[in-house]
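# Commentary on secondary and tertiary structure
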Amino acid sequence: MIEETIISKAIIESYLGELLDSVESDVIIGGGGPSGLCASYYLSKSGYKTTLFERALKLGGGMPGGGVMFNRIVVQNEARELLDEFGIRYKEYKPGYYVANSLEATAALTDKAIKAGAKIFNLMTIEDVMVRDRFVAGVVINWSSVEMANLHIDPISFKSKVVIDATGHPCEITRIVENKSGGPLLTPSGKIEGEKSMWAEVAERFTIDNTKEAYPNLYVCGMAANAVFGGPRMGPIFGGMLLSGKRVAEIVMKKP
Ligand code: 48F
């Protein structure tokens, strides 16, 4: 016999227990694309209490869509060891260019991050940021369905020592800080510099070099780093996203 109320209780208790435990974390990551997932894996693996909020139903951000909906991604030589770390299979297409299945890559990143201990909440949108005397202290979240239905329902707050903006092209978390706190951000102009047109070679390097603090206790990684610090986009080459996720984890772990 199967009792439906037991199923309900199992889901509610299990989920709410995890949500309650995540009200205070070491690190909150906004966005479950490749850079955010990769960061959450390395941080959790090193014992950091890590919570990731993803607006969408499914994880992966721009990764599962590959290039123009062809579910393949390309990764350059520099990031090949990350494919091995996550158990993502690949084939060498030309020397230094590896091609992988973007669905397998998304699943592998998600699986490794959760098994390393990252708490991942999908269907949750970061709609505001907690800013105290010029430092970020956490995020304010609401159900994505509330945002989509444009319902007037107040959000709730989650605290952390560090917030990582991994929201990709729109760099939403940094934008909230800029708009609501007036910055200045730790960028050359004190504002969001804005993403530039496609130039894969420059963009891939730029992402890694600009994976850094954009406002006290707020770090950017992945495409958000390029958008905030003014770098070009790179299209469906994903090595920079993975390396940036790993780099932001390393930077946060070195933080005193
Ligand atoms: O866009 P996305 O995949 O970011 P990324 O990790 O990787 C970029 C690449 O996919 C690609 C590229 C490089 O090859 O150019 O675009 O930098 O993932 C960002 C995730 O953040 C979620 C969004 O749904 C997506 O899954 N997101 C965005 N804003 C919010 C958010 C928010 N306010 N709250 C929660 N999640």
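Everything here concerns the structure above.
The text that follows walks through the structure, step by step, so that each part is easy to find. No experiment lies behind these values; they were computed from the predicted model shown. (Residues numbered from 1 in each chain as written. Predicted model: local features only at pLDDT ≥ 70, side-chain atom pairs only at ≥ 80, totals over all residues. Heavy atoms only, no water.)

## Things to note about the site of the ligand
Lining the immediate environment of the ligand, one finds 27 residues, of which Ser35, Glu54, Gly62, Met223 and Gly235 sit closest. Here an oxygen atom of the ligand and a side-chain polar atom of histidine 169 are 3.0 Å apart. Considering the ligand on its own, with 740 Å² of exposed area, one finds that the protein chains cover 91% of that surface. Broken down by secondary-structure element, the contributors of at least two residues to the shell around the ligand are helix H2 (34-45), strand E2 (50-54) and strand E7 (124-132). (Near = heavy atom within 4 Å. Polar contact = N/O pair within 3.5 Å; in protein donor to acceptor, adjacent residues only side chain to side chain. Areas by Shrake-Rupley, 256 points an atom, 1.4 Å probe, with all protein chains shown as cover. Helix = DSSP H or I, 4+ residues; strand = E, 2+ residues; numbered from the N terminus.)

## Focus: helix H9 (residues 239-254)
The end-to-end C-alpha distance of H9 is 23 Å, a good match for the 22 Å that 16 residues give at a rise of 1.5 Å each. The complete set of buried residues in H9 reads Gly239, Gly240, Met241, Leu242, Ser244, Gly245, Val248, Ala249 and Val252. (Expected span 1.5 Å × (residues − 1). Buried < 20%, exposed > 50% of the residue type's maximum accessible area, 1.4 Å probe, protein only.)

## Here's the deal with unusual backbone geometry
Phi is mostly negative for residues that are not glycine, and the peptide bonds are mostly trans. One non-glycine residue, methionine 69, adopts positive backbone phi at about 70°. By the element assignment, methionine 69 lies in the loop between E2 and strand E3 (72-76).

## Here we look at the environment of methionine 130
You can see methionine 130 is positioned in strand E7. Once the C-alpha coordinates of methionine 130 and glycine 245 are considered, the two residues, 115 residues apart in sequence, prove to be 23 Å apart. Other than its neighbours up to four places away in sequence, methionine 130 contacts Phe135, Val136, Ala137, Gly138, Val139, Val140, Ser157, Phe158 and Lys159. (Contact = heavy atoms within 4.5 Å.)

## A word on the packing of aromatic side chains
The tally for this structure, following the rule as stated, stands at eight aromatic pairs. Taking 5.3 Å as the distance between ring centres and 75° as the angle between the ring planes, the aromatic pair formed by tyrosine 90 and tyrosine 98 counts as edge-to-face. Tyrosine 90 sits in the partly exposed class, given a relative accessible area of 24%. Ring pairs connect the aromatic residues Tyr15, Phe53, Phe121, Trp143 and Phe158, which therefore count as one cluster. Above the ring of phenylalanine 229, the side-chain terminus of lysine 212 is found at 4.7 Å from the ring centroid. (Phe/Tyr/Trp six-rings, centres within 6.5 Å; stacked < 30°, edge-to-face > 60°. Lys NZ or Arg CZ within 6 Å of the ring centre and 35° of its normal.)

## Describing the packing of H2 against H9
Where H2 contacts H9, the axes come no closer than 7 Å and their chain directions differ by 40°. In terms of axis orientation, H2 runs oblique to H9. In the packing of H2 onto H9, the handedness of the crossing is right-handed. Along its contact with H2, which presents Pro34, Ser35, Cys38, Ala39, Tyr42 and Leu43, the element H9 presents Met241, Leu242, Gly245, Lys246, Val248, Ala249, Val252 and Met253. Looking at the contact of H2 with H9 residue by residue, the class counts come to 11 nonpolar, two polar and one charged. (Axes fitted to C-alpha atoms, helices over the stretch in contact; angles between N-to-C directions. Parallel < 35°, antiparallel > 145°, perpendicular 65-115°, else oblique. Left-handed = near helix turned anticlockwise from the far one by under 90°. Nonpolar A, V, L, I, M, F, W, Y, C, P; charged D, E, K, R; others polar.)

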